[in-house]
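Overview (structure and organization)
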Amino acid sequence: MKNVLTIAGSDCSGGAGIQADIKTFQAHGAFGMSVITAVVAENTCDVISIHDIPVINISDQIDAIFLDISVAGVKVGMLSGEEIMNMVAQKLAQYQPKNVVIDPVMVAKGGCSLMDPAALNVLQKKMIPLAFCLTPNIPEAEVITGKKIRTIEDMKMAAKAIYQMGAKNVLVKGGHFLGEPTDILYDGTEFHSYKGKRIHTKNTHGTGCTLSSAITANLANGKTIYEAVRSAKEYVAGAIQNALEIGKGHGPTNHFYKYYELEEKYKNENL
Ligand SMILES: Nc1ncnc2c1ncn2[C@@H]1O[C@H](COP(=O)(O)OP(=O)(O)O)[C@@H](O)[C@H]1O
Ligand SMILES: Cc1ncc(COP(=O)(O)O)c(N)n1
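The structure contained in this document is the topic of the report that follows.

Thresholds applied
The written sequence of each chain sets the order in which its residues are numbered from 1. For naming, the first written chain is A and the first written ligand is 1, with later ones following in the order written. Residues qualify for local features only when their pLDDT is at least 70, as the model is predicted, and side-chain atom pairs are given and counted only at 80 or more; totals for whole chains, interfaces and linings, by contrast, use all residues. As a rule here, side-chain values come from all non-hydrogen atoms in the structure, and water together with hydrogens is ignored. Only heavy atoms are used to decide nearness, and a residue is near a molecule or strand if one of them lies within 4 Å of it. Polar contact is the term for a pair of N or O atoms within 3.5 Å; when the atoms are in protein, one must be able to donate a hydrogen and the other to accept it, and sequence-neighboring residues count only if both atoms are side-chain atoms. Here, Shrake-Rupley sampling with a 1.4 Å probe gives the accessible areas, and only protein chains in the shown set may cover a residue. Segments assigned H or I by DSSP are reported as helices when at least four residues long, segments assigned E as strands when at least two residues long, and all are numbered from the N terminus. As a working rule, the residues Ala, Val, Leu, Ile, Met, Phe, Trp, Tyr, Cys and Pro are called nonpolar, Asp, Glu, Lys and Arg charged, and the rest polar, with Gly in that last group. For the purposes of this section, nonpolar cores are sets of buried Ala, Val, Leu, Ile, Met, Phe, Trp, Tyr and Cys residues that join through side-chain atoms within 4.5 Å. Summary of the burial criterion: residues with accessible area below 20% of their type's maximum are buried, those above 50% are exposed, and those between are partly exposed, where the area comes from a 1.4 Å probe applied to protein chains only. Note on contacts: a residue pair qualifies if any of its non-hydrogen atoms lie within 4.5 Å across the two residues. Charge counting treats Lys and Arg as positive and Asp and Glu as negative, with His and both chain ends excluded. Put simply, a salt bridge is a Lys or Arg side-chain nitrogen that is within 4 Å of an Asp or Glu carboxyl oxygen.

1. Details of the site of ligand 1
Of all residues adjacent to ligand 1, which total 16 residues, the nearest are Lys173, His176, Asp183, Thr207 and Lys233. Separating a nitrogen atom of ligand 1 from a side-chain N or O atom of Arg198 is a distance of 3.3 Å. A distance of 2.7 Å separates an oxygen atom of ligand 1 from a polar side-chain atom of Thr207. Contact with the protein chains hides 94% of the accessible area of ligand 1, taken as 550 Å² for the molecule alone. Secondary structure elements with two or more residues in the shell around ligand 1: helix 7 (207-220) and helix 8 (225-241). Considered class by class, the residues forming the shell around ligand 1 number five nonpolar, five polar and six charged.

2. Structural notes on the nonpolar core
Within the largest apolar cluster, 45 residues are counted, with the highest numbers of intra-cluster contacts made by Leu5, Ile7, Val74, Val88, Leu123 and Met127. Among the elements that take part in this core, helix 3 (residues 82-95) stands out by supplying six residues, more than any other. Leaving out residues up to four positions away in the same chain, Leu123 has contacts with Met85, Pro104, Met106, Met115, Ile128 and Ile144. If you look at the next biggest cluster of nonpolar residues, it comprises 18 residues, including Leu171, Ile215, Leu219 and Ile240.

3. With respect to the side chain of Asp187
Turning to its location among the elements, Asp187 is positioned in the loop between strand 8 (182-186) and strand 9 (191-195). Although buried, Asp187 forms no salt bridge, and the nearest oppositely charged side chain, Lys160, lies 9.9 Å from it. Reaching out from Asp187, the side chain makes a polar contact with the backbone nitrogen of Thr189 at a distance of 2.8 Å.

4. Concerning the side chain of Glu142
In this structure, Glu142 sits in helix 5 (residues 138-145). Glu142 gets classed as buried once you look at its relative accessible area, which sits at 17%. Reaching out from Glu142, the side chain makes a polar contact with the side chain of Lys148 at a distance of 3.5 Å.

5. Observations concerning unusual backbone geometry
The bulk of non-glycine residues show a negative phi, and the bulk of peptide bonds are trans. Phi is positive for Gln96, which is not a glycine, with a value near 45°. Mapped onto the elements of the fold, Gln96 is located in the loop between helix 3 and strand 5 (100-102). Here the phi dihedral of Asn99 falls at roughly 55°; this positive angle occurs in a residue that is not glycine. With respect to the helices and strands, Asn99 occurs in the loop between helix 3 and strand 5.

In structure tokens, the structure reads:
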């Protein structure tokens, strides 16, 4: 079993953040660990308040893990400001873990900001170069590149521009477009397109967190980036399909018990 870590915010309502990440790791047969960067009081409708964990404690949490346990993959989610981002970047540069997947979380589904816009420069200069894979959605890719994205061609240009900032692979997610959700991966050489069928539901709280942690677990389990993204996209589609009607707003993705066994079974049936 591989040990995987999420460095992210806590979502008390259980749909996104650390909670979604740990459930996803578990479903992929990985041992999940967490470094909590912020405690977010949120639910399916709204963000009520954000309490940042003191930087020194985040730094201690990271040291506690890396000084003791081998880490096969790291997912990075919500980092609310410049100071936290600088420290996490410095720690990742120090420990150099493999399979760093960064989800540049900026805004919650209800519209509340989860990242101080003043941290954009640190994200671009210090975090992005550490990413084996960066997974922005369309609004995040627009902020990072400073360019509007209206078409698949624009998504490709954004992926290329972010690749040039230093991420080894860039997956621009297409969930925010109308129509079928197509995600575009750029690996520095080629574009790979991952097409999905749109599931018509408002219950999409945690889709980005779930996708990035599934990619991390898949990479840690030895899949290539192409296979990791393909499998993660299928996992998220299933988790949206199974979403529970919890709360009055965007309900949470729902996770699979022992997904790795299900995936193995489907693979064998298709042989
Ligand atoms: N309604 C949907 N039906 C199927 N797949 C979706 C849907 N919404 C999002 N996805 C997929 O979920 C993942 C996360 O998408 P996206 O909504 O773009 O990111 P975020 O959650 O970060 O805003 C992507 O793989 C996207 O294609
Ligand atoms: C603590 C925390 N982290 C991230 C998100 C974004 O979630 P989504 O996956 O829906 O974009 C969130 N709402 N809360």
